[in-house]
Structure formats: C-alpha cells, structure tokens
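# Structural characterization, general
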Amino acid sequence: MRPALYPDDGSCGASDVAVNGEKTFIIKSDNSSSVSVYLLSEPKGTSSSKSAAADEKGTPEAREIWQRMKVMTAAKPGTTSEYVANKLCHCCRKVKHTGVKFHCGKHTYCSSHFEKRLGFPAVHMQQNANGINHCPVCILTCTCKACNERLMAVTQIMKSECTKQGCGPSEVQMDNLFELCTATPSSFASIAKSGEKSRSSSNQAEKTSDTTKTSKSSAAAQKTTGSKSKDNLDKLWYENLERLKPCIVNGKMDYSSLTDEKAKKQFNDFVYLQRKHFRMRQNKEDSPLTSERFEALSSANFPFELQKSASIQ
C-alpha cells in the first residue's frame, strides 16, 4: 500500500519526530504501526541544493521511487538490521563507537544519525527491528547531500520517462530503477545511458513486432482470401461436372440433346480443359486436375481421350 505523508503538526506524536528545529514529515504505512521520519527541508541557512532536494521529496515521482524501492529492497524474513560498534557512518563519514547496520549489509548509521533520521534511539533498535525493513540509503530517503542529489537525479529521469511514455509515476516503466538508486556515483551516468538505450531498443523491438504482426495478419488475410477463392473455384468446377454428366453417354460425350449453342460451347471448353489437364498429369507435370477431381471424373465415366463422331465426342 502506498505510504501516506503526514506533516509534523503534533498529531503523530512528538516522540516520533526528529528535532533540532527542522521541519519534518513522517512517512507512515497504513498497514503497519512503524513510523519513519524523513526530513523534507533543512534549517535556515542551508544550501540551495538541499532546498531543491526538499522540493523533489514532495513530488509524486519521489514517493513512487520510495515505494518501489521499499518493495525491491524489503528485508527478507529473518534478516534484520543489527546494532554494531566501530563502523563508518554513512552520514558523517566517520567511524563511530556505536551504530546500526541496515539489513542491506552496505550502509550504517551512527547512533546519533540513526536517532535523528528514524526517530528512536539506536539502543532500542532490537525492540523496533520489525519496523526497520528497508535501508534509507538504498531507497533514497536518507537526507545526506549525496542521497539528496541522487534522488533529484533519479526523480528527473522518472519525470522524463513519464513524458516519453505518456503516463504518470505509478505507471511508468523503469527497469533500471534499482541500479539507478544504488549504483556508485562513478557508474550512475553509464547506467542512466544504458537504460535509455535499452528502452529505445525495446521500443524499436515493439515497433518491429507490430510490423511483423501486421505483415503476418496481411499474409493470413491473403491466405484466407486465396483459400476462399480456391474453394469457390472448386465449387464451380463440381457444378460444371454435375451439369455435364447427362451428356456423358457410355463413356462418350453426346451433345445431341443440347439446343443452346452457348451452353454447348461452355461444355466443350470444360471438356477440352479436363483432357488437357489429364495429359499434363500423365506427363508428371503440375496440373489443376487434382486426385479428387480425377476420381470425380472417372466415377462419372468421363472420356479422357477424344472420340470423333458427328454429334458424339
């Protein structure tokens, strides 16, 4: 469920809010009792880059990034953050006596920054371990300068992708989001570029696939049309044979009963073609006289060879 954003108006409990005079917001999951505190603005006198980062943190894109990264980096069952000693703090970049290493295994907050960022003392981490199921550095809710700048960069990429794909943050496709959020500064640019190339290739593949589908549809339509045309020709051929059968007498063609010269000419043309196609068949050539048609003519006692006579052929 998407987390809700609450301003620090005292309704969430003063003990859950970071102090030092900073304006804070609380991200609180609706289906969990855990509370995480994120500083969305800095005290007066801070740099403009941090103010810009604070603005970005209030955007739908930033919240979508947090939500997706929480899902992708959620702690597995049995994996929790741990209370550690003499580790390098991600925020102050100094080795501190005590702190908390998050379940990702890569990032640590000293006790001071842990309490400032998450709202409760690090020594109480064991009692609140179930509420810490993500690393704030990995999901970019950390408020240090590096994480602020990374969040701004990823947010801008998501905004750009939303424009290109014509959709909102919740629908936009970003297959490299995890890499963008967790990559080292030196590899960030290359990952962003590779993501653009991958999406471009994917779009080209989709266009090619659409073209292929269209071609196949056209071919299928032509095949269907050709099949229907063939069926119509077969139907006409068998109809001509049925009309011809009364003129087949004792294995010979007898047109004496016909008074319509036009009909007689049509029958003559049909008989001529069947004999021609029969000879082609006999010579092992491609012939319109299929086995089914040959059987139908033979069953009707059709004379494949010409028999000369006044009114009998």
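Relevant structure appears above.
The present account deals with the structure reproduced in this document. Since the structure is predicted, the reported quantities are computational estimates derived from the model, not experimental observations.

The subject of this paragraph is the overall build of the protein chain. When its secondary structure is counted, the protein chain shows eight helices and eight strands. For the protein chain, the proportion of its 313 residues judged to be buried stands at 35%. Taking contacts inside the protein chain between residues at least 6 apart in sequence as the whole, the part at least 24 apart equals 52%. In the form shown here, the protein chain has an accessible surface area of approximately 18,500 Å², with 51% of it arising from carbon and sulfur atoms.

Taking 1.5 Å as the rise per residue, helix 7 (residues 261-282) with 22 residues should run 32 Å; its terminal C-alpha atoms sit 31 Å apart, in good agreement. Residues of helix 7 that are buried include every one of Ala263, Phe267, Phe270, Val271, Gln274, Arg275, His277 and Phe278, and no others. Buried residues of helix 7, seen end-on, are gathered within an arc of 165 degrees and therefore sit on one face of the element. What points out from helix 7, more than 90 degrees from its buried face, is the exposed set Glu261, Lys262, Lys265 and Tyr272. Capping the start of helix 7, Asp260 holds a side-chain oxygen 3.0 Å from the backbone nitrogen of Lys262, two or three residues further along. The positive-phi residue at the C-terminal boundary of helix 7 is Lys284, with phi of around 65 degrees.

The backbone of Arg93 shows a phi angle near 55 degrees, a positive value even though the residue is not glycine. Mapped onto the fold, Arg93 is located in the loop between strand 4 (82-88) and strand 5 (95-101). Judged by its relative accessible area of 53%, Arg93 falls in the exposed class. Backbone geometry places Leu140, a non-glycine residue, at a positive phi of 65 degrees. Positionally, Leu140 belongs in the loop between helix 3 (111-118) and helix 4 (145-165).

One ladder, built from six bridges, connects strand 4 with strand 5; its direction is antiparallel. Looking at the pairing, Lys87 lines up with Lys96 of strand 5. Here strand 4 hands over to strand 5 after six residues, with Arg93 in that stretch at a positive phi of 55 degrees.

We now examine the sheet that holds strand 5. Strand order in the open sheet made by the three strands is 4-5-6, with antiparallel pairing throughout. Sheet topology places strand 4 and strand 6 (108-110) at the edges, where each strand pairs with a single neighbour. For this sheet, the mean inter-axis angle between neighbouring strands, taken without regard to orientation, is 45 degrees.

Below, the discussion takes up the packing of aromatic side chains. Summed over the entire model, instances satisfying the criterion amount to eight aromatic pairs. Relative to Tyr238, the ring of Trp237 lies with its centre 4.9 Å away and its plane at 80 degrees, an arrangement referred to as edge-to-face. The class for Trp237 is buried, based on a relative accessible area of 6%. Seen in terms of ring centroids, Trp237 and Phe270 are 5.9 Å apart; in terms of plane orientation they differ by 50 degrees. Their pairing is tilted. Residue Trp237 is found in helix 6 (residues 185-244), and its partner Phe270 is found in helix 7; the two are separated by 33 residues along the sequence. Per residue, the accessibility class of Trp237 equals that of Phe270, and both read buried.

There is about 420 Å³ of room inside the largest pocket. Lining the largest pocket are 20 residues, with His90, Ala146, Arg150, Ala183 and Pro185 positioned closest to its centre. For the lining of the largest pocket, the secondary structure elements donating two or more residues are helix 4, helix 5 (177-182) and helix 6. Of the residues assigned to the lining of the largest pocket, the class counts are twelve nonpolar, four polar and four charged.

Here we take up the nonpolar core. Residues Ile65, Val154, Met174, Leu177, Leu180 and Cys181 are the most contacted members of the largest nonpolar core, which totals 20 residues. For this core, the secondary structure elements donating two or more residues are helix 2 (60-73), helix 4, helix 5 and helix 6. Contacts of Met174, omitting those with residues within four sequence positions, involve Arg68, Ile157, Met158, Glu161 and Leu180.

Reading the values: rules and limits
- Residues numbered from 1 in each chain as written.
- Predicted model: local features only at pLDDT ≥ 70, side-chain atom pairs only at ≥ 80, totals over all residues.
- Heavy atoms only, no water.
- Helix = DSSP H or I, 4+ residues; strand = E, 2+ residues; numbered from the N terminus.
- Buried < 20%, exposed > 50% of the residue type's maximum accessible area, 1.4 Å probe, protein only.
- Contact = heavy atoms within 4.5 Å.
- Areas by Shrake-Rupley, 256 points an atom, 1.4 Å probe, with all protein chains shown as cover.
- Expected span 1.5 Å × (residues − 1).
- Arc of directions from axis to C-beta.
- Polar contact = N/O pair within 3.5 Å; in protein donor to acceptor, adjacent residues only side chain to side chain.
- Pairing = 2+ DSSP bridges.
- Axes fitted to C-alpha atoms, helices over the stretch in contact; angles between N-to-C directions.
- Phe/Tyr/Trp six-rings, centres within 6.5 Å; stacked < 30°, edge-to-face > 60°.
- 1 Å grid on protein atoms, 1.4 Å probe; cavity = no way out; pocket = protein on both sides within 12 Å on 5 of 7 lines; lining within 4 Å.
- Points joined across faces, edges and corners; volume = space filled by probe spheres on them.
- Nonpolar A, V, L, I, M, F, W, Y, C, P; charged D, E, K, R; others polar.
- Core = buried A, V, L, I, M, F, W, Y, C linked by side-chain atoms within 4.5 Å.

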